[in-house]
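The chain contents come next:
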Amino acid sequence: MSPLAPQPPRRVAVIGGARVPFARSDGPYATASNQEMLTAALDALVERHGLQGPGAVGEFVAGAVLKHSRDFNLARETVLGSALDPRTPAYDIQQACGTGLQAVIAAANKIALGQTESAIAGGADTASDAPLGVNDRLRRILLEARRAKTTGGRLKALAKVRPGHLVPDIPRNAEPRTGLSMGEHAAVTARAWGISREEQDALAATSHQRLAAAYERGLFQDLVVPFRGLARDQNLRPGSTVEKLAALAPVFGLDAPDPTMTAGNSTPLTDGAATVLLASEEWAEARGVEPLAYLTAYETAAVDFVGGDVAGGEDGLLMAPAYAVPRMLERAGLGTGDFDLVEIHEAFASQVLATLAAWEKRGLDPVDRARLNVAGSSLATGHPFAATGARIVATLATLLAERDGPGRGLISVCAAGGQGVTAILERT
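Residues numbered from 1 in each chain as written. Predicted model: local features only at pLDDT ≥ 70, side-chain atom pairs only at ≥ 80, totals over all residues. Heavy atoms only, no water.

Would you mind showing me how to read the overall build of the protein here?
When its secondary structure is counted, the protein shows 13 helices and twelve strands. Computed over the C-alpha atoms, the radius of gyration of the protein is 22 Å, within 12% of the 22 Å expected from 2.2 N^0.38 for a compact globule of 428 residues. Look at the contacts in the protein between residues 6 or more apart in sequence, and 80% of them connect residues 24 or more apart. Looking at the protein as shown, the accessible area adds up to about 18000 Å², and 53% of this sits on carbon and sulfur atoms. Looking at the protein, you have 41 positive and 47 negative side-chain charges, and the mean spots of the two groups are 9 Å apart. (Helix = DSSP H or I, 4+ residues; strand = E, 2+ residues; numbered from the N terminus. Rg over C-alpha atoms; globule rule 2.2 N^0.38 Å. Contact = heavy atoms within 4.5 Å. Areas by Shrake-Rupley, 256 points an atom, 1.4 Å probe, with all protein chains shown as cover. Lys, Arg positive; Asp, Glu negative; His and termini not counted. Charge placed at Lys NZ, Arg CZ, Asp CG, Glu CD.)

Right, dumping it as structure tokens:
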């Protein structure tokens, strides 16, 4: 018997998305777990797209960055607590801030290869309910006591406990290899690329103004579901202006002259969850559903932010999309001018501006700012780490669908660990 001829990959359709409003940490969602938020987002998607029946969805893939030990099987436990068929397979994925988009890519690959007809991808994160670890010195003593063969041996080990050992280990927004926070890394990059305070504040103000306008015109009517008293992203400040942001004191890069990064042009710690429904064209046609857009390309990259050219800006912690996007566009035979919309995750205003400058340095045409983050982005919505990618995919697909005619959108997400995840959405 001759082997089967390989089949070309199928197109992957973005059908819809759902998320809870994003909230500032220690606010309305202070007691909400990753699973609770992710379940709320998933249930909203199931209800809006009639996915309650057996086998309605082939798979669920999601993740979180800040996870308790109880979240070891987060995606599967979310399915079991949701309106989705409990026989739906699920698994976790994690790539820092790229988790949500990487979950979309993982689900899309199975659809493209014909391994499943539909899948839901997403992510959740809570900075409020962050896991507290046992002090490492205490952990070692407890393990020593557990290994002891006698009661005396256990008591001898436990006698080593001191008051200082009872202080818990609290997760830090810092890179293990450098000890620097993401904001401090971004400040180094901002200086390397000469990003001004005025540019950052202008981009941040625009993000808030555009998100507010998007809410007012009903863009998020089918994307955002009320949760715990919130109907809109809590971080949104519709009245943001460059003048108001200019009054804020810098919070990062204080070890160098003229620091430029403030709480206003940086994303706050945020709680939230987002999901997105993907499917084959055949699945959509059988249900009489018109896809919002199609996921047509994706690319990941990483930089050496420890030993590379960090001071020069080339290998800054959040600069991997500066390499991923040019590679992806070359493979697709496209340039930045071929995109109607560009979505760059706004971890920091300085990082967005540095990425734009790096693309130009690598030969790409300048991005038309009128096409950049037209409905606002993370500076206004907030940034629950693992949820951001799914938020961006669903929002961009919706923006493309409301256009009169074909369109193409670019997604760029930077991530901790010096990584980047990028993708292209198209509507034909």
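In this structure, what is going on with the packing of helix H4 (residues 136-147) against helix H5 (residues 151-158)? I would like to understand it.
Packed helix pairs are specified by the crossing angle of their axes together with the interaxial distance, meaning the distance between the axes. The N-to-C vectors of H4 and H5 enclose an angle of 170°; their axes lie 8 Å apart at closest approach. On the basis of their axis angle, the class for H4 and H5 is roughly antiparallel. Judged by residue contacts, Ile-141, Leu-142, Glu-144 and Ala-145 of H4 engage Arg-154, Ala-157 and Leu-158 from H5. (Axes fitted to C-alpha atoms, helices over the stretch in contact; angles between N-to-C directions. Parallel < 35°, antiparallel > 145°, perpendicular 65-115°, else oblique.)

How do you make sense of the pairing of strand E11 (residues 407-415) when you look at a structure like this?
Two faces, one strand: in a regular strand the side chains alternate between the faces of the sheet. Taking burial as the measure, the nine residues of E11 include eight buried ones, the bulk of the element. Bridge count for strand E10 (residues 341-344) against E11 is four bridges, and the pairing is parallel. Residue pairing for E11: Leu-341 is matched across the bridge by Gly-409. Both E11 and strand E12 (residues 419-427) contribute to a ladder of nine bridges, which runs antiparallel. From the neighbouring strand, Ile-411 faces E12, where its bridge partner is Ala-423. (Buried < 20%, exposed > 50% of the residue type's maximum accessible area, 1.4 Å probe, protein only. Pairing = 2+ DSSP bridges.)

Looking at this structure, I do not really get the environment of Asn-135. What am I missing?
You can see Asn-135 is positioned in the loop between strand E5 (118-125) and H4. For Asn-135, a relative accessible area of 7% corresponds to the buried category. Once the C-alpha coordinates of Asn-135 and Leu-166 are considered, the two residues, 31 residues apart in sequence, prove to be 6.5 Å apart.

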